[in-house]
Amino acid sequence: MSSNFKPPPEMTAAAGIEKKWADPFVGPFEVGFISPIIFYRSHPYRLLGVYSGKADNIAALHFHKFHIFDEEGKVVEREEIADYCLQVYLTFYNVMISEKELEYGLAYYKDEYFQSDLEELKETMEEGYLKNNGKLSKLFGDIDDMLSYLKVIEEPEGKMNEYASEVTGLMDDIRISSKVEEGTFKSLLTATSQFKKHARQKGILLMQNQDKLRMVRTLLQNAVTNKYLESGQKHKAKRIVDKISDEIDYQQVVYTSYDTLFVTPKGYIKKLQEIPDDYIRLQAEQFLKKKWIIRKKPSFFRKLQKSKVK
C-alpha cells in the first residue's frame, strides 16, 4: 500500500558526497534525506533524516532516526546543535503542511464594503419579512452573529497575510541559496510560529461560527427571505454567499494543516486551543529524545546479549 508521506522539499535524497556520509547509517528498506547547509554559531551542519521505505514511498510522516554531520562529514554529538537543526527541519515541515493556509493568507484582502453590504441586506430582508408575517424570524439573529465574526477575524486574517508574506519570502531565499543562515532562520521561526498562531485563532473562530455562516448563506439564497431584495442587492447577496462558501471550504484546509485529523468540531477547537505558541521548540525536544540515535538507550535485547556474553 503506497502512501503520500514525504519529507519537506528542502530535504533531498542524499547523493554524491552526502550519500557516502549517509550510507553507514541507512539500512535495508530505509532511505536518507539530507538538509541544506544549516549554520549554527557560524559553523555549517547537515541533518540526515533516515526514513522507512523508499524515496518515492515513505512510510511515516517523519524520519525515525537522524544524525547531524559537520562540514567534513563527521557525526556531531552535541545536543544543542542537534536541537537547533531539528527546529530547522520542523519549521520546514510546518511550512510544507501549511501550504494551503499560506495561500489563503497571501490571498487575503480587506473588503471595506462587505460588512456594510450585509447589514443593508439584513435590514431589507427584515423589513419585508416583518411586513408579510407580522413578526421577525429568530434566524435573522445569525446575521448579527456573522457580523460579529467578521469583526473578530479582522486581526488574525490581517496578521496571517503579514506573516505569510514573510514566510514565503524567507523560504524563497533559503531555496535559492541552499543554506540556512542563523539570522534567516531566526526570522523564519518567528514568522512561522506567528503565522500558525493567528491561523489557529482564525480556525477556532471559524469552527465556532460555522453553523451561523451556513444559516446566513441559506437566508441569502432562500426565496422565502431573499425575495425582498432588489436586483442590485441580489448581486451583493451572491458575493456574500461566495465569500461564505470560501470560508467553509477553508475549514477543510485547516483540518489538513496538522499531523492529527480532529474529527469533531468540539475536539478540533479543544486541540487547537491547547497548541502552545512555541510548539516547534517543544516538538524538537521530543524528537531529540525519541529519534536521535546517539541518545537512544540500548534495547532490552542488546542488554540481554551482553549479559550472556559476560
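Criteria and thresholds
- Residues numbered from 1 in each chain as written.
- Predicted model: local features only at pLDDT ≥ 70, side-chain atom pairs only at ≥ 80, totals over all residues.
- Heavy atoms only, no water.
- Helix = DSSP H or I, 4+ residues; strand = E, 2+ residues; numbered from the N terminus.
- Rg over C-alpha atoms; globule rule 2.2 N^0.38 Å.
- Buried < 20%, exposed > 50% of the residue type's maximum accessible area, 1.4 Å probe, protein only.
- Contact = heavy atoms within 4.5 Å.
- Areas by Shrake-Rupley, 256 points an atom, 1.4 Å probe, with all protein chains shown as cover.
- Core = buried A, V, L, I, M, F, W, Y, C linked by side-chain atoms within 4.5 Å.
- pLDDT = per-residue confidence, 0-100.
- Pairing = 2+ DSSP bridges.
- Expected span 1.5 Å × (residues − 1).
- Arc of directions from axis to C-beta.
- Phe/Tyr/Trp six-rings, centres within 6.5 Å; stacked < 30°, edge-to-face > 60°.
- Salt bridge = Lys/Arg side-chain N within 4 Å of Asp/Glu carboxyl O.

Undergrad: Could you clarify how one ought to interpret the overall build of the protein chain in this entry?
TA: Tallying secondary structure elements over the protein chain gives twelve helices and seven strands in all. For the protein chain, the C-alpha radius of gyration of 26 Å lies well beyond 19 Å, the compact-globule estimate for 310 residues. Across its three principal directions, the C-alpha atoms of the protein chain cover 95 × 45 × 30 Å. Put simply, the protein chain has 310 residues, and 45% of those count as buried. Intrachain contacts of the protein chain at a sequence separation of at least 6 include 72% that bridge at least 24 residues. Total accessible area on the protein chain stands at roughly 17,200 Å², and carbon and sulfur atoms take up 52% of it.

Undergrad: I'm lost on the nonpolar core in this one. Help?
TA: Most often, soluble globular proteins keep nonpolar side chains buried together rather than apart. Counting 81 residues, the largest nonpolar core has Leu47, Phe66, Ile68, Tyr89, Leu118, Met146 and Leu220 as its most contacted members. The dominant element in this core, judged by the number of residues it contributes, is helix H7 (residues 182-221), at 14 residues. With near-sequence residues (within four places) excluded, Phe66 lies in contact with Leu47, Leu48, Gly49, Ala82, Leu86, Phe287, Leu288, Lys291, Trp292 and Ile293.

Undergrad: In this structure, what is going on with the confidence of the model for the protein chain? I would like to understand it.
TA: Model confidence for the protein chain is summarised by a mean pLDDT of 91, while 92% of its residues fall at 70 or above. Ignoring residues within four places in sequence, the model shows residues 299-306, a span with pLDDT below 50, making one contact including any to other chains.

Undergrad: Please clarify how the environment of Pro276 should be interpreted in this entry.
TA: Relative to the helices and strands, Pro276 resides in the loop between helix H10 (265-274) and helix H11 (279-291). For Pro276, a relative accessible area of 33% gives the class partly exposed. For Pro276 and Ser193, which are 83 residues apart along the polypeptide, the C-alpha to C-alpha distance reads 9.6 Å. Among all residues touching Pro276, those that are not within four sequence positions of it are Arg200 and Leu282.

Undergrad: Just to check I follow, could you spell out the pairing of strand S6 (residues 65-69) for this structure?
TA: The side chains of a regular strand alternate between the sheet's two faces. Where burial is concerned, most of S6 is hidden: five out of the five residues are buried. The side-chain alternation of S6 yields two buried faces, one formed by Lys65, His67 and Phe69 and the other by Phe66 and Ile68. By the bridge criterion, five bridges tie strand S4 (residues 43-54) to S6 in an arrangement that is antiparallel. Following the sheet pairing, Leu47 is matched in S6 by Ile68.

Undergrad: What exactly am I supposed to notice about helix H5 (residues 141-152) here?
TA: Since one α-helical turn is 3.6 residues long, residues separated by three or four positions face the same way. The end-to-end C-alpha separation of H5 is 17 Å, in line with the 16 Å expected for twelve residues at 1.5 Å each. All of the buried residues in H5 are Asp142, Ile143, Met146, Leu147, Tyr149 and Leu150. One side of H5 carries all its buried residues, which in axial view fall inside an arc of 160°. Against helix H4 (114-133), helix H6 (154-177), H7 and helix H9 (231-255) lie the buried residues of H5.

Undergrad: It is not clear to me how unusual backbone geometry should be interpreted in this structure. Could you clarify?
TA: Glycine aside, residues mostly have negative phi, and peptide bonds are mostly found in the trans state. The backbone of Phe29 shows a phi angle near 60°, a positive value even though the residue is not glycine. Judged by its relative accessible area of 76%, Phe29 falls in the exposed class.

Undergrad: Teacher, can you tell me more about the pairing of strand S2 (residues 30-34) here?
TA: Where burial is concerned, most of S2 is hidden: four out of the five residues are buried. In this structure, strand S1 (residues 12-13) lies alongside S2, joined through two bridges in antiparallel fashion. Each bridged residue has a counterpart across the sheet, and for Thr12 the counterpart in S2 is Ile34. Relative to S4, S2 runs antiparallel, the two being bridged by five bridges. Bridge pairing links Gly32 to Val50 in S4.

Undergrad: I keep staring at the packing of aromatic side chains and nothing clicks. Help me out?
TA: This structure, assessed with the given rule, holds 13 aromatic pairs. Considering the side-chain rings of Phe66 and Trp292, the 6.2 Å spacing of their centres and the 15° angle between planes classify their relative orientation as stacked. Of the two residues, Phe66 sits in strand S6 while Trp292 sits in the loop between H11 and helix H12 (300-309), which places them 226 residues apart along the sequence. Summarising the aromatic geometry, the rings of Tyr104 and Tyr250 are spaced 3.9 Å apart at their centres and angled 25° between planes, so their arrangement reads as stacked. Taken together, the residues Tyr104 in helix H3 (residues 99-107) and Tyr250 in helix H9 connect sequence positions 146 residues apart. Exposure remark for Tyr104: the relative accessible area of 18% places this residue in the buried category.

Undergrad: Can you help me understand the pattern of salt bridges in this one?
TA: Side chains that carry opposite charge are capable of pairing whenever their charged atoms lie near each other. A full pass over the atoms with the stated rule returns 26 salt bridges. Across the pair Lys122 and Asp144 runs a salt bridge, and its minimum N-O distance is 3.4 Å. With Lys122 in helix H4 and Asp144 in helix H5, this pair connects stretches of sequence that are 22 residues apart. By relative accessible area, which is 37% here, Asp144 ends up partly exposed. Residues Glu181 and Lys179 are paired through a salt bridge, measuring 3.7 Å at the closest nitrogen-oxygen approach. With a relative accessible area of 34%, Glu181 lands in the partly exposed category. Note on Lys179: relative accessible area 32%, which makes it partly exposed.

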